[in-house]
Amino acid sequence: MTAIFITGTPCTGKTTIASKLNGRLIKINDLAIKHDFVLGIDEQKGYKVIDIDKLSRYVGEITANCDELLIFEGHLTHLCDGADKIIVLRVRPEILEARLEQRNYSRSKIRENLEAEALGVCSAEAYDKYGDDVYELDVSDLSVNESVELIESVIENGGNYPVGDVDFMDWLVGNH
C-alpha cells in the first residue's frame, strides 16, 4: 500500500494532475464534507472550517487498511496522517494570480493565497509533519502531462526535490 498526498495552494493544479495519476483518487474536501467533518463557515473568508483532527484520524484509518495506491488530493492533505509521500505543487505567484482570477476569487482571497504561495505555507506545514517524505515541485512551466510524469517518477523513485528549493519570496518582497 502506498498513500500519496498531493497538496498545495488553491489553483496549483492538484485536482487536474491527481485525476490523471494511476491510483484511487480521494479528494480530501469531498471526504470532509461527506463524513461531516465541517465545523462551520468562516464568515470573513468564506471558507469551510474543517475538523482537522477527525479528518486526519479518518484518513489514517483509510491508509492503514488499504492495499492499493491511494492518491489524496487537496490543500489540507498535508495536515493529515497516513502519507507515505507528500507532494507539494508550487506555481509562481504571477501564474497563480491569473488562475485565481479565472475562478473569480475575491481580491482578498487572491492576495491571501498568493502570499501563502510565496511563503511556501503548504510546504512548511508538510515538512513540519512529514520531514524528508515531502517533495516540493515547481510545476509553473510544466504541462499537465509533464507534471503527471514528474509526479509518477517521484512516486516510484523519490528524487531530490527538498522543501526550500522552490523560492518565490522575491515576489512577496517586490509586491509590498
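Cut-offs and rules
Residues numbered from 1 in each chain as written. Predicted model: local features only at pLDDT ≥ 70, side-chain atom pairs only at ≥ 80, totals over all residues. Heavy atoms only, no water. Buried < 20%, exposed > 50% of the residue type's maximum accessible area, 1.4 Å probe, protein only. Helix = DSSP H or I, 4+ residues; strand = E, 2+ residues; numbered from the N terminus. Arc of directions from axis to C-beta. Contact = heavy atoms within 4.5 Å. Pairing = 2+ DSSP bridges. Axes fitted to C-alpha atoms, helices over the stretch in contact; angles between N-to-C directions. Phe/Tyr/Trp six-rings, centres within 6.5 Å; stacked < 30°, edge-to-face > 60°. Lys NZ or Arg CZ within 6 Å of the ring centre and 35° of its normal. Patch = residues over 30% accessible without salt bridge, like charges linked within 9 Å, V, L, I, M, F, W, Y side chains within 5 Å. Areas by Shrake-Rupley, 256 points an atom, 1.4 Å probe, with all protein chains shown as cover. Salt bridge = Lys/Arg side-chain N within 4 Å of Asp/Glu carboxyl O. Core = buried A, V, L, I, M, F, W, Y, C linked by side-chain atoms within 4.5 Å.

Engineer: Would you mind showing me how to read helix α6 (residues 121-130) here?
Structural biologist: Helical geometry note: an α-helix holds 3.6 residues per turn, so side chains three or four residues apart project in the same direction. What α6 keeps buried is the set Cys-122, Ser-123, Ala-126 and Tyr-130. Buried positions in α6, seen along its axis, are confined to an arc of 95 degrees and lie on one side of it. On the buried face of α6, the contacting elements are β1 (2-7), β6 (85-90) and β7 (134-138). Directly beyond the C-terminal end of α6, a positive phi value near 55 degrees is found at Gly-131.

Engineer: Mind showing me how you'd approach the sheet that holds β1 here?
Structural biologist: The parallel open sheet is built from five strands, whose spatial order is β2-β5-β1-β6-β7. The sheet terminates laterally at β2 (24-27) and β7, the two strands that pair on one side only. Averaged over all pairs of adjacent strands, the angle between strand axes in this sheet comes to 20 degrees, irrespective of strand direction. Against the sheet, helix α3 (residues 52-64) contacts β1, β2 and β5 (69-73), and its axis sits at roughly 160 degrees relative to β5.

Engineer: Mind showing me how you'd approach the packing of aromatic side chains here?
Structural biologist: To describe a pair of aromatic rings, one takes the distance between the centres and the angle between the planes. In the structure shown here, the tally under the stated rule is three aromatic pairs. Plain terms: the ring middles of Phe-5 and Tyr-130 are 6.5 Å apart, the flat faces sit at 75 degrees to each other, and that makes the pair edge-to-face. Of the two residues, Phe-5 is situated in strand β1 and Tyr-130 in helix α6; the sequence distance between them amounts to 125 residues. Across this residue pair, the class does not change: Phe-5 and Tyr-130 are buried. Three or more aromatic residues link up through ring pairs in this structure, and these residues are Phe-5, Phe-72 and Tyr-130. Above the ring of Tyr-105, the side-chain terminus of Lys-109 is found at 5.0 Å from the ring centroid.

Engineer: What is the right way to look at a nonpolar patch on the surface in this model?
Structural biologist: Together, Leu-119, Val-121 and Met-169 make up an exposed nonpolar region whose accessible area comes to about 220 Å². The topology assignment puts Met-169 in helix α8 (residues 169-174). According to the relative accessible area criterion, Met-169 is partly exposed, its value standing at 32%.

Engineer: Looking at this structure, how should I read the nonpolar core?
Structural biologist: The tendency in soluble globular proteins is for nonpolar side chains to be buried as a group. In terms of nonpolar packing, the biggest core is built from 27 residues, with Ile-6, Ile-71, Ile-87, Leu-89, Leu-137 and Ile-151 touching the most fellow members. The set of elements that each furnish at least two residues to this core consists of β1, α1 (14-18), β6, α4 (93-102), α5 (107-119), β7, α7 (144-157) and α8. With five residues, α7 is the largest single contributor of residues to this core. Look past the residues within four positions of Ile-151 in its chain and what remains in contact with it is Ile-6, Ile-17, Leu-21, Ile-87, Leu-89 and Leu-137. Of all hydrophobic cores here, the second largest spans 23 residues; its members include Phe-5, Ile-50, Phe-72 and Ala-83.

Engineer: Is there a simple way to think about the pattern of salt bridges in this case?
Structural biologist: It is possible for side chains of opposite charge to pair when their charged atoms get near one another. Following the criterion strictly, the structure yields nine salt bridges and no others. Close ionic contact of Lys-129 with Asp-81 constitutes a salt bridge, the shortest N to O distance being 2.6 Å. Linking Lys-129 in helix α6 with Asp-81 in the loop between β5 and β6, this pair joins segments that are 48 residues apart in sequence. With relative accessibility at 38%, the residue Lys-129 sits in the partly exposed group. Where Arg-111 meets Glu-115, a salt bridge forms, and the shortest distance between an N and an O atom there is 3.1 Å. One end of the pair is Arg-111 and the other is Glu-115, both in helix α5 and four residues apart, which spans about a single turn. Given a relative accessible area of 27%, Arg-111 falls into the partly exposed group. Here Glu-115 falls in the partly exposed class, since its relative accessible area comes to 25%.

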